[in-house]
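Each chain, written out:
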Protein chains: 2
Amino acid sequence: MARIREFDIDRALDRAMDLFWRKGYAETSLQDLLKELSIGSGSFYAAFGSKEQLYDRCLERYTSLQGGDLRETLDGTADIRTAVRKVLVPMIEADLTDPTRGCLVVSTSTQCGEQPSAAERVTTAVRQVESLLAGALEQAQVRGEISPDKNPRELARFLTTFIQGIRVVGQARTGREFAEDALSVAMRALD
Amino acid sequence: MARIREFDIDRALDRAMDLFWRKGYAETSLQDLLKELSIGSGSFYAAFGSKEQLYDRCLERYTSLQGGDLRETLDGTADIRTAVRKVLVPMIEADLTDPTRGCLVVSTSTQCGEQPSAAERVTTAVRQVESLLAGALEQAQVRGEISPDKNPRELARFLTTFIQGIRVVGQARTGREFAEDALSVAMRALD
DNA sequence: GTAATTATGTATTGACCAATCCAGAAAGGC
DNA sequence: GCCTTTCTGGATTGGTCAATACATAATTAC
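Residues numbered from 1 in each chain as written. Chains lettered and ligands numbered in written order. Predicted model: local features only at pLDDT ≥ 70, side-chain atom pairs only at ≥ 80, totals over all residues. Heavy atoms only, no water.

Caption draft 1: Structural context of helix 8 (residues 152–171) of chain B. Residues and elements named next belong to chain B. Taking 1.5 Å per residue, 20 residues should reach 28 Å; helix 8 reaches 29 Å between its end C-alpha atoms and fits that length. Burial of helix 8 is extensive: 19 of the 20 residues sit out of reach of the surface. Near the N-terminus of helix 8, the side chain that reaches the backbone nitrogen of Arg153, with its oxygen 3.0 Å away, is that of Asn151. Just downstream of helix 8, Arg173 is the residue with a positive phi angle, here 55°. (Helix = DSSP H or I, 4+ residues; strand = E, 2+ residues; numbered from the N terminus. Expected span 1.5 Å × (residues − 1). Buried < 20%, exposed > 50% of the residue type's maximum accessible area, 1.4 Å probe, protein only. Polar contact = N/O pair within 3.5 Å; in protein donor to acceptor, adjacent residues only side chain to side chain.)

Caption draft 2: Representation of the side chain of Gln171 of chain B in the model. With respect to the element layout, Gln171 of chain B can be found in helix 8. Since its relative accessible area comes to 7%, Gln171 of chain B is described here as buried. Ignoring anything within four residues of it in the chain, the contact list for Gln171 of chain B reads Ser109 and Thr110 of chain A together with Pro99, Thr100, Arg101 and Gly102 of chain B. (Contact = heavy atoms within 4.5 Å.)

Caption draft 3: Inspection of the packing of helix 4 (residues 51–75) of chain B against helix 7 (residues 116–142) of chain B at higher detail. All names here are of chain B. Helix 7 packs onto helix 4 with a crossing angle of 5° between their chain directions and a minimal axis gap of 10 Å. Classified by the angle their axes make, helix 4 and helix 7 are roughly parallel. Facing Asp56, Leu59, Glu60, Thr63, Gly67, Leu70, Arg71 and Leu74 of helix 4, the residues of helix 7 in contact are Ser117, Ala118, Arg121, Ala125, Gln128, Val129, Leu132, Leu133 and Ala136. In terms of residue class, the contact of helix 4 with helix 7 is built from 9 nonpolar, 4 polar and 4 charged. (Axes fitted to C-alpha atoms, helices over the stretch in contact; angles between N-to-C directions. Parallel < 35°, antiparallel > 145°, perpendicular 65-115°, else oblique. Nonpolar A, V, L, I, M, F, W, Y, C, P; charged D, E, K, R; others polar.)

Caption draft 4: Highlighting the protein's contact with DNA strand C. In the vicinity of DNA strand C lie 22 residues, with Ala2 and Glu6 of chain A together with Met1, Leu30 and Lys51 of chain B positioned nearest. Here the atoms of DNA strand C within 4 Å of the protein split so that 64% fall in sugar or phosphate, with bases taking the remainder. The side chain of Ser41 of chain A places a nitrogen or oxygen atom 2.9 Å from a base oxygen of DNA strand C. Contact between DNA strand C and Leu30 of chain B: a phosphate oxygen at 2.5 Å from a main-chain N or O atom of the residue. Sorting elements by how many residues they give to the surface near DNA strand C places helix 3 (residues 41–48) of chain A first, with 3 residues. (Near = heavy atom within 4 Å.)

Caption draft 5: Broad picture of the packing of aromatic side chains. By the definition in use, this model includes 19 aromatic pairs over all chains. Centre to centre, the rings of Phe20 of chain A and Tyr25 of chain A are 6.0 Å apart; their planes meet at 20°, and the pair counts as stacked. Relative to Tyr45 of chain B, the ring of Phe44 of chain B lies with its centre 5.1 Å away and its plane at 75°, an arrangement referred to as edge-to-face. Judged by its relative accessible area of 0%, Phe44 of chain B is buried. Here Tyr45 of chain B falls in the partly exposed class, since its relative accessible area comes to 39%. Members of the aromatic cluster, joined through ring pairs, are Phe7, Phe44, Tyr45 and Phe48 of chain A. One residue, Lys51 of chain A, lies across the ring of Tyr25 of chain A, its end atom 4.4 Å from the ring centre. Its end group placed over the ring of Trp21 of chain A, Arg101 of chain A keeps NZ or CZ at 5.0 Å from the ring centre. (Phe/Tyr/Trp six-rings, centres within 6.5 Å; stacked < 30°, edge-to-face > 60°. Lys NZ or Arg CZ within 6 Å of the ring centre and 35° of its normal.)

Caption draft 6: Quick peek at the environment of Gly165 of chain A. By the secondary structure assignment, Gly165 of chain A is in helix 8 (residues 152–171). With 17 residues separating them along the chain, Gly165 of chain A and Ala182 of chain A place their C-alpha atoms 9.7 Å apart. For Gly165 of chain A, the residues in contact, after removing those within four places along its chain, are Thr161, Gln164 and Gly165 of chain B.

Caption draft 7: Geometry of unusual backbone geometry. Within the chain, Arg173 of chain A stands out as a residue other than glycine whose phi angle is a positive 55°. Tracing the chain through its elements places Arg173 of chain A in the loop between helix 8 and helix 9 (176–187).

Caption draft 8: Region of interest: the interface of chain A and chain B. Across the contact, 41 residues belong to chain A and 41 residues belong to chain B. Approximately 3,600 Å² of surface area, both sides summed, lies buried where chain A meets chain B, with 65% of it carried by carbon and sulfur atoms. Summed over the three residues of chain A that lose the most area to chain B, namely Arg157, Thr161 and Phe178 of chain A, the buried surface amounts to 17% of that side. For the pair chain A and chain B, the number of links is 6 salt bridges. The residue Arg157 of chain A makes a salt bridge to Glu177 of chain B at a minimum N-O spacing of 3.9 Å. At the level of elements, helix 6 (104–111), helix 7 (116–142), helix 8 and helix 9 of chain A are the ones that each hand at least two residues to the side of chain A that touches chain B. Among the elements that line the side of chain A that touches chain B, the one with the most residues is helix 8 of chain A, at 13 residues. For the side of chain A that touches chain B, a count of residues per class yields 17 nonpolar, 13 polar and 11 charged. (Buried area = accessible area lost by both parts, 1.4 Å probe. Salt bridge = Lys/Arg side-chain N within 4 Å of Asp/Glu carboxyl O.)

Caption draft 9: Up close: the relation of the copies chain A and chain B. Structural alignment of chain A on chain B gives an RMSD of 0.0 Å, achieved by rotating through 180° and translating 0.0 Å along the axis. Interpreted geometrically, this transformation is the action of a two-fold axis. Scanning chain A for the C-alpha nearest the rotation axis identifies Gly165 of chain A, at a separation of 1.8 Å. Residue by residue, 100% of the interface of chain A is reproduced at the interface of chain B, so both copies engage with the same surface. (Least-squares fit on C-alpha atoms with pLDDT ≥ 70 in both.)

Caption draft 10: Main features of the nonpolar core. Counting 70 residues, the largest nonpolar core has Phe44, Phe48 and Leu54 of chain A together with Phe44, Phe48 and Leu54 of chain B as its most contacted members. Excluding residues that lie within four positions of it along the chain, Phe48 of chain A makes contacts with Phe7, Ile9, Ala12, Leu13, Leu37, Gln53, Leu54 and Arg57 of chain A. Judged by nonpolar contacts, the second largest core, of 64 residues, contains Ala140 and Ala189 of chain A together with Ala182 and Val185 of chain B. (Core = buried A, V, L, I, M, F, W, Y, C linked by side-chain atoms within 4.5 Å.)

Caption draft 11: Structural context of helix 1 (residues 9–23) of chain B. Residue and element names in this part refer to chain B. If you check helix 1, its first and last C-alpha atoms are 21 Å apart, about what 15 residues at 1.5 Å a residue would give, namely 21 Å. Those residues of helix 1 that sit buried are Ile9, Ala12, Leu13, Ala16, Met17, Leu19, Phe20 and Trp21. Looking at the buried residues of helix 1, the elements they touch are helix 2 (30–37), helix 3 (41–48), helix 4 and helix 6 (104–111). Of the residues flanking the start of helix 1, the one acting as N-cap is Asp8, its side-chain oxygen 2.8 Å from the backbone nitrogen of Asp10. The first or second residue beyond helix 1 is Gly24, which carries a positive phi of 85°.

Coordinates in, geometry out; function isn't part of it.
So, in structure tokens, the structure goes:
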């Protein structure tokens, strides 16, 4: 019927997501993207519409991947405290390894406040984290790991907020000890 | 000796800081700044050097003002729990009133990772919050408001991290209840 | 093989960007 | 009044931006 596309859209999305993640929306120019994806502008606009639309798809992909990871960790770990640590420690490590990267949701929330679709995705992402944590905490409470007088939703909202904080101080380069001290206090909220 | 400057540098700095705060670094063009400050480009570059240098001065001003407010609240409030609430509740309220504004330090940390002077100011700002909180917590411990087996520095690092998280979820528009639930759990860390 | 359709990449568009230039204005020294 | 100095703001610079236009290449249907 017609000429077939020479590049893999999903691979391109992954690469674009990674570039936005590293450089941020404003600092990533179209030329940067074309170079990274090794395609021309014709192909770019035919496939993605615009830089803004591509960013939206990348953000969607990011939150979907992050949500999947979170769900997997929470579902696959017996003890809730171990599970929460399994979620948070890799974040601390990631920020130590590469402080420029951070979290795409956090940077979107500060950079794209004027773009409605991005703002909506940020809200959804935070709500998703809240809801996954709340579910895991409820189950842990049923298992008796969490005191019956705790409120799982409150705890989930607290942990969600704390996670965002960890991503910020991670980028602030305050070091491992800082984040680990904060984490050890936060963990006691579950007791 | 020579012609005197027709605008007040400090007033201009305040207005510029406010503009950067509302729109972010990348989204604030030089024309925006010139219009906001009601000056021409000649005066601008004579007074501030460059957009980047101006941003740095605005950030310095912001952290200095925020630090002063924090110190004042902590010093001027007898009970540490009341003091911490007095710090956090207005932040929650501010994010509800104007979710686009957020915190200049948080947005700088995600936007200006490549600019060394900005990154350094972010680190300093976070360290300053940590240190002010640690001082207040130590005093509270001496007064007997905080259990002797608590570590003030750990608590300060925790609260500092949590504050950054509050600023992020504030921009994520998850609503008042979310932030207040998170806060009520966080406060129990002091018990 | 020809027509129809879509992908590709270069060249180009108009807008905007931060920053500089420069001619003139305003101030004080003498 | 004149000279020196600094401020002022419009005009201009060179560069980059996202996006489009278009000629060409590749593919399938028939």
